[in-house]
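Structure assessment
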Amino acid sequence: MLFAGATLTLGACSSDDDVLSGNNASGKDSEISEKADNQQVVGSVFKTATVNVVTPAATLVSVYADQDCKEPLVTDYYATTDGLNEIKMQSSSDAKSVYVVYSSNGKKTVKSVSLDNNDKGEIRLPDNVQTYTTNFVEGTAFHSSGVVMFDSTWPYGKDGKDAFQHGDDFNDVVVDYDMESVMLNPSLSDFAAKDYKEGLKVTMHVRAVGSKSPEQIGLKLEGLDRKFIESSDCTIKLSGNDHQAEKDIPAGSLGVRIGYDGNSPVIYITNLQWLTSKDNTLNVSGAKYYNTERPSKEQWLEDGKDLINHGAPLFTVTVNFKGKLRSTMTDYKAADAQVAAYVNAVTNTASQNFFIVLGNGKEIHVAGYAPLDSYKRSYNSEVNRRGKLSKDVTYMSTDFGVWGVKVPVLTKHIYEGESFADTYKELKAWAESYGKQYTDWYLTQKADDTNLVKWW
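Since the structure is predicted, the reported quantities are computational estimates derived from the model, not experimental observations.

1. With respect to the overall build of the protein chain
Within the protein chain one finds seven helices and 18 strands. Going through the 456 residues of the protein chain one by one, you find that 55% of them count as buried. As displayed, the protein chain has an accessible area near 19,700 Å², and 45% of this comes from carbon and sulfur atoms.

And the structure:
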């Protein structure tokens, strides 16, 4: 069974939406708000970790969750300045250390950095660290990354039944993401007068599409108001691992656009159905879907062959939001509010509202997140029409089933037709403990690895 706790963050919807949040009209405290608080605790599989990198010269560093450097926490090759660099990132809640990678004398070095009880650590780089020319000023970097996985059967179960089915594979859309913002350190005396603007960079890779129903995946940045966005741009390219050169995408394939829902920006990756069409020249011969299949589990166990496009570049979306120049902001409160908005967009994972849109117009979000304004009426209609949908938490069934999960970066998706809950065997126990135990349930070594697609 996929419990609500499988999501990154499950909380009540915003207070200005009484229908969706379940708040009663009298304004009194209700049992619903207590349930939502519990589910937010259950749903948290991340924490904010801070690594202070002290370096004698500007250089490039990366931060990983694992010693093998397969699970990045910070975008590869983050540019530091000389001196102290404070890097904040979202790591798994059970992490006791992270791994910092840097170069010296032309060689790559991996060093473990222990995290203290406050989830902070420090590393001092050697004098012979490889230098890098950068225009960065002294600042703090904020990072957030993860993977979102969706099943497209909402509001039904796997077999079209009203009740949630527990064998869903959650590979109908799989996208990983990384968000980065860099702020000037507030210790600078002319903090608000600097000729500097806050910015947010969002990078997403489309890993898999295992259904012909989804047409779009979206990300609503609920904490970033449009009044703090002076400009934005977006690109989509084919980008491979190990910093391969980017390539143009095939004509008529995926697209990207930026819209708004109220005052919040929304990033859309469009035309996902192209990936499961005959026009997809990037797919492996014989594949019906994109990066989810194998001929059969029995055959795979014998020869290890599947229908995954191993090592091929992925559709990579890059979106940049830029705030207003500090030098144009005479009101210090406005400058502080802009800083807070761009930091919140990255560090407050509860404000990162991912969803998919199907060809029939249905909108499916990670549990606990509200539908877009344009879909609220349709969503409420489905909830009122079907007895198996929770009225307490959005996009959840009455038996705690969900249709979208948000998990740490490089959590593996599974092959077509397998069960996500059966594959990640400790998921149920973790949810039942309200997130207190089995906090590393998503690790590959904890799962049934015969069901995992291991190429990311």
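Moving on from the model shown.
2. Quick word on unusual backbone geometry
Between W154 and P155 the backbone carries a cis peptide bond, its omega angle lying at 5°. Position of P155 relative to the elements: it lies in the loop between β8 (139-150) and β9 (173-184). Even without being glycine, N271 reaches a positive phi, approximately 65°. Mapped onto the elements, N271 comes out in the loop between β14 (264-270) and α3 (297-303). Given the relative accessible area of 24%, N271 is considered partly exposed. Despite not being glycine, Y395 shows a phi value in the positive range, around 55°. What makes Y395 buried here is its relative accessible area of 0%.

3. As for the packing of aromatic side chains
In the structure shown here, the tally under the stated rule is 11 aromatic pairs. An angle of 75° between the planes, with centres 6.0 Å apart, marks the rings of W274 and F315 as edge-to-face. Taken together, the residues span a long stretch of sequence, with W274 in the loop between β14 and α3 and F315 in strand β15 (residues 314-322) at a distance of 41 residues. Taken as a pair, W274 and F315 share a single burial class, namely buried. Pairing Y379 with Y395 gives two aromatic rings, centres 4.7 Å apart and planes at 45°, and the pair type is tilted. Of this pair, Y379 sits in helix α5 (residues 376-385) while Y395 sits in the loop between α5 and β18 (404-407), placing them 16 residues apart in sequence. Judged by relative accessible area, which is 4%, Y379 ranks as buried. The ring of Y260 has R226 sitting right over it, with the charged end atom 4.0 Å from the ring centre. Over the ring of Y268 we find R257, and its NZ or CZ is 3.9 Å from the ring centre.

4. Some remarks on the nonpolar core
Of all hydrophobic cores here, the largest spans 60 residues; its most connected members are L200 and L224. Sorting elements by how many residues they give to this core places helix α4 (residues 332-347) first, with six residues. Contact partners of L224, with chain neighbours within four places excluded, come to L200, I229, N263, S264, P265, F321, A341, Y342 and A345.

5. Examining α4
With 16 residues, α4 should cover 22 Å at 1.5 Å per step; its first-to-last C-alpha distance of 22 Å lies within 8% of that length. Within α4, the full set of buried residues consists of A335, Q338, V339, A341, Y342, V343, A345 and V346.

6. Some points on empty space enclosed by the protein
Taken as a whole and judged by the stated rule, the model has three cavities of 30 Å³ or more. Its volume calculated, the largest cavity comes out at about 50 Å³. Together, E71, V409, L410, T411, K412, Y442, L443 and T444 line the largest cavity. Here the lining of the largest cavity is built from residues that sort into four nonpolar, two polar and two charged.

7. Overview of the confidence of the model for the protein chain
Per-residue confidence for the protein chain averages 80 on the pLDDT scale, and 80% of its residues sit at or above 70. Per-residue pLDDT stays below 50 along residues 1-43; that stretch engages in 98 contacts with residues further than four places along the chain or on separate chains. Long-range and interchain partners of residues 186-193, a stretch whose pLDDT sits below 50, account for 15 contacts in this model, where long-range means more than four residues apart.

8. Digging into the sheet that holds strand β16 (residues 352-358)
Pairing is antiparallel across the open sheet formed by five strands, whose spatial order is β13-β14-β11-β16-β17. At either end of the open sheet lies a strand with only one pairing partner, and these are β13 (255-261) and β17 (363-365). Adjacent strand axes in the sheet meet at a mean angle of 25°, parallel and antiparallel pairs treated alike. Pairing of strand β11 (residues 214-221) with β14, which is carried by five bridges, proceeds in the antiparallel orientation. Of the residues in β14, the one forming a bridge with Q216 is T270.

9. A word on α5
Within α5, burial applies to Y379, N380, E382 and V383. The buried residues of α5 occupy one face: seen down the axis, they fall within an arc of 160°. Opposite the packed face of α5, turned more than 90 degrees from it, sit the exposed residues R377, N384 and R385.

10. Re the pattern of salt bridges
Evaluated as defined, the whole model comprises 12 salt bridges. Taking the shortest distance from any N to any O, the salt bridge between K362 and E382 comes out at 4.0 Å. Of this pair, K362 sits in the loop between β16 and β17 while E382 is found in helix α5, placing the two residues 20 residues apart along the sequence. Side by side, K362 and E382 carry an identical accessibility label, which is buried. Where R385 meets E382, a salt bridge forms, and the shortest distance between an N and an O atom there is 3.0 Å. Taken as a pair, R385 and E382 lie in helix α5 at a separation of three residues, close to a single helical turn. With relative accessibility at 54%, the residue R385 sits in the exposed group. Judged by its relative accessible area of 9%, E382 falls in the buried class.

Rules behind the numbers
Residues numbered from 1 in each chain as written. Predicted model: local features only at pLDDT ≥ 70, side-chain atom pairs only at ≥ 80, totals over all residues. Heavy atoms only, no water. Helix = DSSP H or I, 4+ residues; strand = E, 2+ residues; numbered from the N terminus. Buried < 20%, exposed > 50% of the residue type's maximum accessible area, 1.4 Å probe, protein only. Areas by Shrake-Rupley, 256 points an atom, 1.4 Å probe, with all protein chains shown as cover. Phe/Tyr/Trp six-rings, centres within 6.5 Å; stacked < 30°, edge-to-face > 60°. Lys NZ or Arg CZ within 6 Å of the ring centre and 35° of its normal. Core = buried A, V, L, I, M, F, W, Y, C linked by side-chain atoms within 4.5 Å. Contact = heavy atoms within 4.5 Å. Expected span 1.5 Å × (residues − 1). 1 Å grid on protein atoms, 1.4 Å probe; cavity = no way out; pocket = protein on both sides within 12 Å on 5 of 7 lines; lining within 4 Å. Points joined across faces, edges and corners; volume = space filled by probe spheres on them. Nonpolar A, V, L, I, M, F, W, Y, C, P; charged D, E, K, R; others polar. pLDDT = per-residue confidence, 0-100. Pairing = 2+ DSSP bridges. Axes fitted to C-alpha atoms, helices over the stretch in contact; angles between N-to-C directions. Arc of directions from axis to C-beta. Salt bridge = Lys/Arg side-chain N within 4 Å of Asp/Glu carboxyl O.

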